[in-house]
Every structure is written in structure tokens, then in C-alpha cells.
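# Chains, contacts and geometry: an overview
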Amino acid sequence: MIDPIDDVTRPLPVATECPIRLQFSSPERIHTVILMQDLFKQWVILQAWSGKQHTGGGSKPRPVDNLEAGLAELATIARKHEQRGFLPLI
């Protein structure tokens, strides 16, 4: 909280054991996956992609039930990307 009188804004929980943001790269594309809370405190996975040579890309938000379900979904997405030959960006 920035304002000490503000009793509405709550700090977001932070998962320290695993990433909340993942990025993957192939020779042609970059994929980013982010697990975050929206303004209504609902957990959302946002997947975004873009081509390296051009600006074509897109994004897809998807709600998840809670933080644990979101982390499990991140692991599933990471496994699928690695199976398809994408390399994780560090």
C-alpha cells in the first residue's frame, strides 16, 4: 500500500518457489505466459505471442481458479512448449 489510510488495496501473494512469468523462443516466434491477478482478485493466465521477423502476434487471457491451479497450468504450458521445440528464455 502506498497510502497508509488505504484499507482496500491488498498486496498480491508472491510465489517464490516458481516463476510467475515464462518466455519461450523458437527461430520464428516468441511466446510469453504470465500468471497474475486482475483487479477483481481473480487469477488469470495471459498467453501472448509474436513473430520475430514481423509484428504479427496475439494474446489470450484465461481465468484459473486459484494460485495453485495457475502454477499447475504454467507447468503444463511449459512442458508443451518444450516438447514442441521452444527454448525457455532466461
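Residues numbered from 1 in each chain as written. Predicted model: local features only at pLDDT ≥ 70, side-chain atom pairs only at ≥ 80, totals over all residues. Heavy atoms only, no water.

### Some points on the pattern of salt bridges
All told, the structure shown has 1 salt bridge when counted by the stated rule. Between Arg62 and Glu73 there is a salt bridge, with the nearest N and O atoms lying 3.1 Å from each other. With Arg62 in strand 4 (residues 57-64) and Glu73 in helix 1 (residues 67-83), this pair connects stretches of sequence that are 11 residues apart. The exposure class assigned to Arg62 is partly exposed, which follows from its relative accessible area of 28%. (Salt bridge = Lys/Arg side-chain N within 4 Å of Asp/Glu carboxyl O. Helix = DSSP H or I, 4+ residues; strand = E, 2+ residues; numbered from the N terminus. Buried < 20%, exposed > 50% of the residue type's maximum accessible area, 1.4 Å probe, protein only.)

### Here's the deal with the confidence of the model for the protein
For the protein, per-residue confidence averages 83 on the pLDDT scale, and 84% of positions sit at 70 or higher. When pLDDT is averaged over each element of the protein, helix 1 comes out on top at 92 and strand 5 (residues 87-88) at the bottom at 85. (pLDDT = per-residue confidence, 0-100.)

### Looking at the side chain of His81
Counting through the fold element by element, His81 comes out in helix 1. Using a relative accessible area of 5% as the deciding quantity, one classes His81 as buried. Among the polar contacts listed, one links the side chain of His81 to the side chain of His31, at a separation of 3.1 Å. His81 has contacts with Phe24, His31, Gln47 and Phe86, leaving out every residue within four places of it along the chain. (Polar contact = N/O pair within 3.5 Å; in protein donor to acceptor, adjacent residues only side chain to side chain. Contact = heavy atoms within 4.5 Å.)

### Focus: the pairing of strand 1 (residues 21-25)
Both strand 1 and strand 2 (residues 29-37) contribute to a ladder of 5 bridges, which runs antiparallel. Residue pairing for strand 2: Gln23 is matched across the bridge by Thr32. Adjacent in sequence and paired antiparallel, strand 1 and strand 2 are bridged by 3 residues. Two elements, strand 1 and strand 5, share 2 bridges in a ladder whose sense is antiparallel. In the sheet register, Ser25 faces strand 5, and the bridge partner there is Leu87. (Pairing = 2+ DSSP bridges.)

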